[in-house]
Amino acid sequence: MYRYDEFDRKLVTERAEQFGRQVEHRLSGKLSEEQFRPLRLMNGLYLQLHAYMLRINVPYGVLSSTQMRKLADIGRKYDKGYGHLTTRQNMQFNWIKLEETPDLLRELASVEMHGIQSSGNCIRNTTADEHAGVAADEVEDPRVYCEIIRQWSTLHPEFSFLPRKFKIAVTGSPHDRAAVKVHDIGLILDRDSSGHPIFEVIVGGGLGRTPFIGKTIREELPPSELLAYLEAILRVYNRFGRRDNKYKARIKVLVHETGAEEFRRLVDEEYANLKGGSLDVPQDEIDRIDAYFAPPDYAELPDECAALDAKMGENADFAEWVDQNVACHKQPGYAIANISVKMPGHAPGDLSSDQMDALADLADRFSFGEMRVTHRQNIVFTDVRKDELYGLWQDLVKLELAAANLNLIGDVICCPGLDYCALANARSIPVAEDITKRFADLKRQKEIGPLELNMSGCINACGHHHVGNIGILGVDKKGEELYQLTLGGCSHEDASLGVRTGPGFTVDDIGPAIETVLDTYVELREHGEEFIDTYRRVGMDPFKEKLYAAR
Amino acid sequence: MPQVIIANRLTDGRVVFLADGDAWASSVNDARVEEPGAGADELLSIAQRLEAQQQVVGAELIDVSVDGGEILPTKPREAIRATGPTNRPDLGKQAGNE
């Protein structure tokens with residue numbers, strides 16, 4: 001993984017010291033809350049319902065065991081012994097004390113971590129395919145370009161006060177695991193007819209109040225031109241994006257109102273001034289950064305693994321986990337282990353400090369000391385020997401992290417909702433806990449098949465409900481929590497936005513409503529269909545009929 | 001409907017309620033309750049003065065019901081702030097450690 005150079009280290013250390021002084025000024029009254037608020041947000045510090053919340057960047061989801069141990073330590077020392085994985089592949093802590101944040105940030109800086117740009121109207125943490133660099137279907141590793149984007153966007157003076165926040169996602173596989181089409185900018189790495197890497201550039205996707213699927217404005221962008229082209233897009237957005245209305249300030253609204261063709265023209269015009277200048281990324285710089293992502297020291301192994309087959313034959317629970325949670329790896333004899341942080345009845349994405357420490361130890365033992373945070377709020381060990389999967393699984397069972405529910409209904413995306421978040425209108429965690437308990441039976445989950453259920457506690461859509469095959473949106477209707485249901489969303493290469501079924505459901509009725517949707521699907525599905533296939537074939541009507549027949 | 005002042009303490013962000021004698025209480029049951037109008041206006045004015053002294057952030061009036069001496073915020077958001085996350089009874093004021 002990338003390691004800080006002197007410049008990175010100095011920048012993060014100096015920022016921690018600077019924020020320490022700003023906190024002192026706030027506590028002494030030299031800074032008012034109005035003056036301090038943008039400063040704390042620039043460092044990822046929010047004031048939520050119960051306390052301050054600190055969001056810590058995990059660049060493109062890549063985390064070392066040393067960093068995970070530090071997060072565990074921070075959870076114990078400065079919080080209440082747990083943290084929460086976010087849909088931006090970050091980690092946040094919910095019970096932070098302002099007076100302790102300077103020490104906390106110094107500790108984070110010691111492991112090359114910080115909260116800079118995890119909030120505010122700037123370029124946020126770039127997210128990536130959680131299987132980057134190891135996926136069997138990958139064309140090109142996106143991490144090197146994510147790192148180039150990180151360096152370019154960190155404290156970029158021109159883009160520190162954009163009309164609104166800005167999110168970039170990158171994938172290098174044909175199967176999109178990074179939801180690139182619902183980002184401000186989505187980048188798909190591929191190869192041109194000569195075999196050279198190229199980017200498809202998608203702009204203006206997004207969720208929130210006004211969801212859009214992004215539009216492709218450049219089919220084949222050479223990597224050397226990536227930063228100049230991104231800069232051109234950001235300049236057009238910075239100039240023309242609306243600042244008069246925060247609900248219309250995201251680039252998706254600009255692209256929609258301008259039209260993709262005109263937006264492309266504006267970008268090309270700007271790009272003509274930038275191309276060939278100081279933003280060109282020389283190949284030797286790409287190679288230099290690429291070296292940080294060189295494959296680890298893999299053993300030479302056959303891809304077939306008799307020991308794994310034998311253990312799967314002996315232990316049905318282990319076989320279920322391998323079948324559901326383990327993915328194919330580029331390297332023969334190795335596998336990608338997806339670790340679900342979605343135990344039935346638990347808050348999705350919450351990890352205790354003890355679990356974090358244990359995961360760090362397991363990453364050292366089984367996956368070259370590295371792991372990934374996924375935007376679905378899970379953890380990935382990218383490089384596990386097939387003959388060691390059983391040992392890993394045994395330890396995960398002890399940690400209550402062996403749920404074999406990846407991409408099944410138990411694998412719910414869920415924002416913190418009204419239990420923590422100052423923006424939320426309704427609780428989301430208790431609803432997710434109820435649904436995961438309701439469908440805890442793995443046999444039933446597998447019978448239902450692949451399904452993405454995403455839930456948000458407000459229209460800001462941190463829980464990506466618009467692109468859940470089933471989406472739940474919590475709203476406040478005259479002081480009562482109400483849950484709207486959407487069907488047919490998808491975040492992958494065939495991305496689509498869910499459609500609302502109709503009137504919302506109470507907290508007691510939303511679980512049974514999900515049961516009704518799934519019973520209807522099981523009744524209607526044809527051989528080999530997943531939920532999304534059946535929905536796309538039959539449409540909304542049969543579901544709507546069943547959901548509202550009794551009303 | 002009766003009202004109390006809710007805020008976050010500046011130093012640690014913890015939820016507090018304005019009590020008698022310009023003090024901040026951790027429990028909503030120790031809050032000073034006033035009816036809307038002059039009483040609530042006075043509460044707000046005290047809270048704003050204390051906020052200007054950097055004691056708290058985001059002080060605001062909220063509606064409560066008073067039942068047998070127990071003070072209950074009427075809206076879910078403030079009820080959760082007064083107790084803690086509903087999925088974690090071991091945390092927050094409801095756990096007695098705030």
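**Q** What is the right way to look at the overall build of chain B in this model?
**A** Looking only at helices and strands, chain B features two helices and five strands. Tracing chain B from N to C terminus, the helices and strands come up as β-β-β-α-β-β-α. Taking 13 Å as the expected radius of gyration for a compact globule of 98 residues, we find that chain B reaches 13 Å, a close match to that expectation. Across its three principal axes, chain B shows a C-alpha extent of roughly 35 × 30 × 20 Å. Surface accessibility of chain B: about 4300 Å² in total, with carbon and sulfur atoms responsible for 47%. The averaged location of the 16 negative side-chain charges in chain B is 7 Å from the averaged location of its 9 positive side-chain charges.

**Q** When you look at the overall build of chain A in this model, what are you seeing that I'm missing?
**A** Scanning chain A for helices and strands turns up 18 helices and 21 strands. In terms of overall size, chain A behaves like a compact globule, its C-alpha atoms giving a radius of gyration of 23 Å where 551 residues would be expected to give roughly 24 Å. The principal-axis extent of the C-alpha atoms belonging to chain A is close to 60 × 60 × 55 Å. In chain A, which comprises 551 residues, the share counted as buried stands at 62%. Summarising the internal contacts of chain A: among those between residues at least 6 apart in sequence, 68% fall at separations of at least 24. For chain A, the accessible area works out to roughly 20900 Å², and carbon and sulfur atoms hold 49% of it. Charge separation in chain A, taken as the distance between the mean sites of 66 positive and 87 negative side-chain charges, equals 7 Å.

**Q** What is the right way to look at the packing of aromatic side chains in this model?
**A** Pairs of aromatic rings are described using the distance from one ring centre to the other and the angle between the two planes. Residues and elements named next belong to chain A. This structure, assessed with the given rule, holds 18 aromatic pairs over all chains. Geometrically, the ring pair formed by tyrosine 2 and tyrosine 292 is edge-to-face, given 4.6 Å between the ring centres and 65° between the ring planes. Placement of the pair is tyrosine 2 in the segment before helix H1 (6–28) and tyrosine 292 in helix H9 (residues 283–292), with a sequence separation of 290 residues. By relative accessible area, which is 6% here, tyrosine 2 ends up buried. Take tyrosine 292: its relative accessible area is 26%, and that puts it in the partly exposed class.

**Q** Can you walk me through helix H4 (residues 101–109) of chain A in this structure?
**A** Along an α-helix, residues three or four positions apart point the same way, because every turn accommodates 3.6 residues. Residues and elements named next belong to chain A. Burial analysis of H4 places seven of its nine residues in the buried class, the great majority of the element. Within the span of H4, buried status applies to Thr101, Pro102, Leu104, Leu105, Glu107, Leu108 and Ala109. The elements touched by buried residues of H4 are H1, strand E1 (45–47), strand E2 (52–56), helix H3 (65–78) and strand E5 (91–96).

**Q** Even after reading the chapter, I still don't get unusual backbone geometry, so can you show me in this structure?
**A** When glycine is set aside, most residues are seen to have a negative phi, and most peptide bonds are trans. All names here are of chain A. Positioned with a positive phi, glutamine 89 is a non-glycine residue whose angle comes to about 60°. Of note, glutamine 89 is situated in the loop between strand E4 (82–85) and E5. Even without being a glycine, glutamate 112 presents a positive backbone phi close to 65°. Tracing the sequence through the fold places glutamate 112 in the loop between H4 and strand E6 (127–128). A residue is classified by how much of its surface remains accessible, and glutamate 112, at 12% relative accessible area, is buried.

**Q** I would appreciate a short explanation of the pairing of strand E8 (residues 185–191) of chain A in the present structure.
**A** Each regular strand displays side chains that alternate between the two surfaces of the sheet. Residues and elements named next belong to chain A. Most of E8 is tucked away: five of the seven residues are buried. As paired elements, E8 and strand E9 (residues 197–203) share seven bridges and run antiparallel to each other. When the sheet's bridge partners are listed, leucine 187 is paired in E9 with valine 201.

Conventions we followed
- Residues numbered from 1 in each chain as written.
- Chains lettered and ligands numbered in written order.
- Predicted model: local features only at pLDDT ≥ 70, side-chain atom pairs only at ≥ 80, totals over all residues.
- Heavy atoms only, no water.
- Helix = DSSP H or I, 4+ residues; strand = E, 2+ residues; numbered from the N terminus.
- Rg over C-alpha atoms; globule rule 2.2 N^0.38 Å.
- Areas by Shrake-Rupley, 256 points an atom, 1.4 Å probe, with all protein chains shown as cover.
- Lys, Arg positive; Asp, Glu negative; His and termini not counted.
- Charge placed at Lys NZ, Arg CZ, Asp CG, Glu CD.
- Buried < 20%, exposed > 50% of the residue type's maximum accessible area, 1.4 Å probe, protein only.
- Contact = heavy atoms within 4.5 Å.
- Phe/Tyr/Trp six-rings, centres within 6.5 Å; stacked < 30°, edge-to-face > 60°.
- Pairing = 2+ DSSP bridges.

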